[in-house]
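Here's the letter readout for the chains.
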Amino acid sequence: MKEAGRKFLVSLKRRPQMIPLVVLVAGFLFYSLNLSYISDTTARIQGPGMGLAGFATMLFSMLSFMCFLNAFPYRKKPNVPMMTLMFVLLAIVIFADVYYINAIWSAITRPDNPIKVTKDTSYIAFAEYYLRIHIGILASGIVLTVLLPVYSKWLRKIKTSIDVGDNGSMEAIDISGEA
């Protein structure tokens, strides 16, 4: 178990950008696994642009992964244009989520024929709740990406080398090859 933890830390020291990537993937999976609530809400409310906002969230989330993977090539400096594009795509995803939440609130609070959230339409409240969590996960992924230079230095300071013991007679070994 101790060796597995050491190997995990060594892999994080080599590729610390995996931390924000895992958070962004978790946000995408969270949104995808709760997509039925969002789809049901779109079908019930049928507000302008709600379907497009859900589609934009899925599309730009996947595209932001591709940008993230291209922004951090292995053992090279980060690709700044790809990082910029990734941040723009994530901002669009957050904007689409906020737009969707506002569409829910306008449908619930409109003066003529408001949508009532009852036991049968509880998926509307769940959709709004899950979108707020999704925004929080994406925001934490963005913060982790921005702070990557800071905590990658901290990770490099963690000692992961293995102490190899000797019997004290290392000078007695002849490696010159002379007999």
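Look up: the structure comes first, before these words.
Residues numbered from 1 in each chain as written. Predicted model: local features only at pLDDT ≥ 70, side-chain atom pairs only at ≥ 80, totals over all residues. Heavy atoms only, no water.

Colleague: Whenever I open this one, unusual backbone geometry confuses me. Can you help?
Modeller: A negative phi angle characterises most non-glycine residues, just as the trans form characterises most peptide bonds. Phi is positive for Gln-46, which is not a glycine, with a value near 55°. As for its position among the elements, Gln-46 is in the loop between helix H3 (35-45) and helix H4 (50-71). Residue Gln-46 is classed as exposed on the basis of its relative accessible area of 64%. The backbone of Asn-113 sits at a positive phi, close to 55°, despite the residue not being glycine. Inspection of the secondary structure puts Asn-113 in the loop between helix H5 (80-109) and helix H6 (122-146). (Helix = DSSP H or I, 4+ residues; strand = E, 2+ residues; numbered from the N terminus. Buried < 20%, exposed > 50% of the residue type's maximum accessible area, 1.4 Å probe, protein only.)

Colleague: What should I look at first to understand a nonpolar patch on the surface in this one?
Modeller: On the surface, a cluster of nonpolar side chains totalling about 490 Å² of accessible area is made up of Val-143, Val-146, Leu-147, Val-150 and Trp-154. Counting only elements with at least two residues in the nonpolar patch, the list comes to H6 and helix H7 (148-156). Looking at the element boundaries, Trp-154 is found in helix H7. (Patch = residues over 30% accessible without salt bridge, like charges linked within 9 Å, V, L, I, M, F, W, Y side chains within 5 Å. Areas by Shrake-Rupley, 256 points an atom, 1.4 Å probe, with all protein chains shown as cover. Salt bridge = Lys/Arg side-chain N within 4 Å of Asp/Glu carboxyl O.)

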